[in-house]
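Structural characterization, general
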Amino acid sequence: MEQVEGAGKRKAPHVLTVAGSDSGAGAGIQADLKACGALGVYCSSVITAVTAQNTLGVQGVHPVPVDFVEDQLRSVLSDMEVDVVKTGMLPSVDIIKALCDKIKEFHVKALVVDPVMVSTSGDVLAAPAILDVLREELLPMADIVTPNLIEASALLGGQSLETVADMYTAARSIHKLGPRNVIVKGGHLSDSSDAVDVFFDGEQFLELHGQRVKTRNTHGTGCTLASSIAAELAKGSSMPQAVKAAKNFVENALRYSKDIAIGAGPQGPFDHFFKLNDHMDNTSEKRRFDPNDLFLYAVTDSRMNKKWGRSITEAVKSVIEGGATMVQLREKEAETREFVEAARACVEICRPRGVPLLINDRVDVALACGADGVHVGQSDMPAHLARSLLGPAKIIGVSCKTPAQAAAAFAGGADYVGCGGVFPTNTKANNVTVGLDGLRTVCMASELPVVAIGGIGAGNASSVMEIATPTLKGVAVVSAVFDQESIVAETRKLKAVLTSAVVNSAV
Ligand SMILES: Cc1ncc(COP(=O)(O)OP(=O)(O)O)c(N)n1
Ligand SMILES: Cc1ncsc1CCOP(=O)(O)O
Ligand SMILES: [Mg+2]
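Residues numbered from 1 in each chain as written. Chains lettered and ligands numbered in written order. Predicted model: local features only at pLDDT ≥ 70, side-chain atom pairs only at ≥ 80, totals over all residues. Heavy atoms only, no water.

Word for word, the UniProt comment on the chain under Sequence similarities (unreviewed entry) is "Belongs to the thiamine-phosphate synthase family." Reading the Function (unreviewed entry) entry of the UniProt record for the chain gives the comment "Essential for thiamine biosynthesis. Bifunctional enzyme that catalyzes the phosphorylation of hydroxymethylpyrimidine phosphate (HMP-P) to HMP-PP and condenses 4-methyl-5-(beta-hydroxyethyl)thiazole monophosphate (THZ-P) and 2-methyl-4-amino-5-hydroxymethyl pyrimidine pyrophosphate (HMP-PP) to form thiamine monophosphate (TMP)." (UniProt positions renumbered as here; feature names shortened; annotations may be inferred.)

Structure below.
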């Protein structure tokens, strides 16, 4: 934010949205307000029409009289130092003309035009009669126009657009109408897993690829993309930066909201405040970490998976089928991108099965894939920093060999301690063993629940559990479950040993 006159005053980046109200709040003005809010930008609103709509479609449209649209525009633009104007539903020629006049009268840094014509439900929101004035008056003033394939086709007189090559042609043709930049959105293109948009600045094309999120909750994506571009421009981004950030924001919001259930119709809204809500989950009634989940904690190893010819997802599925209560991805050799993709796939496996998934060492990967937390060692990121990056809801485990380390983990906001190597292991090089005595010492001193690790399997798990201090909650294992022909069978065997050890120490 820029400093403005007077000590301590800052100018807030400001987007004005000129669009229709969606009573269901998935699209239109409501989507724009939410997107800008989520991106840290102030958003004022001029309402051009009031619509009655929900997840089934549009039940009614009530345009606001042009004089009153003008009044709203004047009120905001004359007083509030708008940086960027973003337009959505503009239901009449007169409203478009009034808007053009006001933009000429009051200076703004940029104009983002989302040429809304038909809702995602297929309902008409602006008559074809607006096309001429849109093309001739508004688009030449625009810094960017953001049509989807249907809108691009309408702007080009009904030209059919079916391929990415067509999108290039359309972007070039629309650019000739006068906007400085064009992004043709390929959302309607096909069922491919890639969501491709084509950006053109008059000289260069940019293909923007994203992952198509499979969800019914896509109502308002067009409005959100355009208002997010406006928000990023208001914050000072360049156009390509703004477009990329906006696409990223929409994709993340869709991914976060894909299972939200609102309304009975075919198209639901999504949650623009996913970042905020991710943190709010932490403070909700739900318990975020159950120490009993440490009971049979399976830690993956890519070399073992390679040796046995399995993918990480197959290994994770099998270990959960065998009864693992928590999973950690410990992929020391994976490249970041490969790790994030594998971790996302594992989140999809673990979450519906109610098994927490943690990432070894990599706080960034945990954030990127939406894992339940991280496990860090004494030479990894300190717990307090991991906590400040991950927020209160995520699970953080810390490796500790001594009571002092366990006390520091507690002070740093960790949730559990991983203590070991208890026994010698081939899985981790140069790991000093603490033995059962060292484990007992840490367990006695620790304020946090403890999981034992290192050289543990069905043959010696009882001796570990027999320590029987209240803080010892289970064992973490790698080779005992993953360096095995049958992950399911070996996990079941270990679980049976652990269960009877607990039962025996209780009697
Ligand atoms: C449950 C659990 N405990 C300890 C470790 C070891 O973590 P760290 O000390 O960071 O060593 P690396 O696993 O990173 O080699 C663990 N991964 N899990
Ligand atoms: C990651 C780690 N940290 C301490 S020992 C160890 C390896 C445990 O592997 P295994 O269960 O195969 O002995
Ligand atoms: Mg580590």
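Details of the site of ligand 2
Around ligand 2, the structure places Arg330, Thr425, Thr427, Lys428, Asn431, Ile453, Gly454, Gly455, Val477, Val478 and Ser479. A distance of 2.8 Å is found between an oxygen atom of ligand 2 and a backbone nitrogen or oxygen belonging to Val478. For ligand 2, an oxygen atom lies 2.5 Å from a polar atom in the side chain of Ser479. Grouping the constituent residues of the shell around ligand 2 by class yields three nonpolar, six polar and two charged. (Near = heavy atom within 4 Å. Polar contact = N/O pair within 3.5 Å; in protein donor to acceptor, adjacent residues only side chain to side chain. Nonpolar A, V, L, I, M, F, W, Y, C, P; charged D, E, K, R; others polar.)

Looking at the site of ligand 1
Taken together, 16 residues form the shell around ligand 1, and within it Arg330, Lys332, Asp380, Ser399 and Lys428 come nearest. One of the side-chain nitrogen or oxygen atoms of Gln328 is found 2.9 Å away from a nitrogen atom of ligand 1. One nitrogen or oxygen atom from the side chain of Ser399 is found 2.8 Å from an oxygen atom belonging to ligand 1. For ligand 1, the protein covers 90% of the area, taking 420 Å² as the surface of the free molecule. Going through the elements one at a time, strand E15 (373-376) and strand E18 (450-453) are the ones with two or more residues in the shell around ligand 1. Residue classes in the shell around ligand 1 are distributed as five nonpolar, six polar and five charged. (Areas by Shrake-Rupley, 256 points an atom, 1.4 Å probe, with all protein chains shown as cover. Helix = DSSP H or I, 4+ residues; strand = E, 2+ residues; numbered from the N terminus.)

Quick notes on the coordination of the magnesium ion (ligand 3)
Asp361 (OD) and Asp380 (OD) make up the full set of protein donors to the magnesium ion (ligand 3), lying at 2.0 Å. Remark: Asp380 occurs in the loop between E15 and helix H14 (383-390) and Asp361 occurs in the loop between strand E14 (357-360) and helix H13 (363-369); sequence separation between them is 19 residues. Here Asp361 falls in the partly exposed class, since its relative accessible area comes to 21%. (Donors = N, O, S within 2.8 Å, 3.2 Å for Na, K, Ca; no water. Buried < 20%, exposed > 50% of the residue type's maximum accessible area, 1.4 Å probe, protein only.)

A closer look at the sheet that holds strand E8 (residues 144-145)
Here nine strands make up an open sheet; going across it, the order is E5-E4-E3-E6-E7-E8-E9-E10-E11 and the pairing mixed. Unpaired on one side and paired on the other, strand E5 (57-63) and strand E11 (205-211) mark the two borders of the sheet. Contacts between helix H6 (residues 164-175) and the sheet are confined to E8, strand E9 (181-185), strand E10 (194-200) and E11, with E10 contributing the most and set at about 30° to the helix. (Pairing = 2+ DSSP bridges. Contact = heavy atoms within 4.5 Å. Axes fitted to C-alpha atoms, helices over the stretch in contact; angles between N-to-C directions.)

Details of the nonpolar core
Counting 78 residues, the largest nonpolar core has Leu329 and Leu439 as the members making the most contacts within it. Counting residues per element, this core draws most heavily on helix H12 (residues 336-350), at eight residues. Excluding residues within four positions of it along the chain, Leu329 makes contact with Thr300, Ile312, Val316, Phe339, Ala343, Cys346, Leu357, Leu358, Ile359 and Asn360. (Core = buried A, V, L, I, M, F, W, Y, C linked by side-chain atoms within 4.5 Å.)

Description of the side chain of Glu251
With respect to the element layout, Glu251 can be found in helix H8 (residues 239-257). We classify Glu251 as buried; its relative accessible area is 16%. Here Glu251 is in contact with Gly210, Gln211 and Val213, once residues within four sequence places are set aside.

A short note on the packing of aromatic side chains
Applying the stated criterion to the full structure yields four aromatic pairs. Seen from their ring centres, Tyr168 and Phe205 are 4.7 Å apart, and the 40° between their planes marks the pair as tilted. Taken as a pair, Tyr168 in helix H6 and Phe205 in strand E11 lie far apart in primary sequence, 37 residues in all. Residue Tyr168 is classed as partly exposed on the basis of its relative accessible area, which comes to 25%. Under the relative-accessibility criterion, Phe205 is labelled partly exposed at 24%. With a centroid separation of 6.1 Å and 35° between ring planes, the pair formed by Phe289 and Tyr416 is classed as tilted. Residue Phe289 is found in the loop between helix H9 (274-283) and strand E12 (296-299), and its partner Tyr416 is found in strand E17 (residues 416-420); the two are separated by 127 residues along the sequence. Residue classification places Phe289 among the buried residues on the basis of a relative accessible area of 10%. Here a set of aromatic residues connected by ring pairs shows up, and it is made of Tyr168, Phe200 and Phe205. (Phe/Tyr/Trp six-rings, centres within 6.5 Å; stacked < 30°, edge-to-face > 60°.)

Focus on the pattern of salt bridges
Considering all chains together, one arrives at 23 salt bridges under this definition. The network of salt bridges with common partners includes Lys11, Asp83 and Lys109. (Salt bridge = Lys/Arg side-chain N within 4 Å of Asp/Glu carboxyl O.)

Brief notes about unusual backbone geometry
Cis geometry is found at the peptide bond from Gly420 to Gly421, where omega equals -10°. Of note, the phi angle at Glu81 is positive, near 50°, even though the residue is not glycine. Locating Glu81 in the fold gives a position in the loop between helix H2 (66-77) and strand E6 (84-87). Positive phi values are uncommon outside glycine, yet Asn430 reaches one of about 55°. With respect to the helices and strands, Asn430 occurs in the loop between E17 and helix H16 (435-445). Exposure remark for Asn430: the relative accessible area of 79% places this residue in the exposed category.

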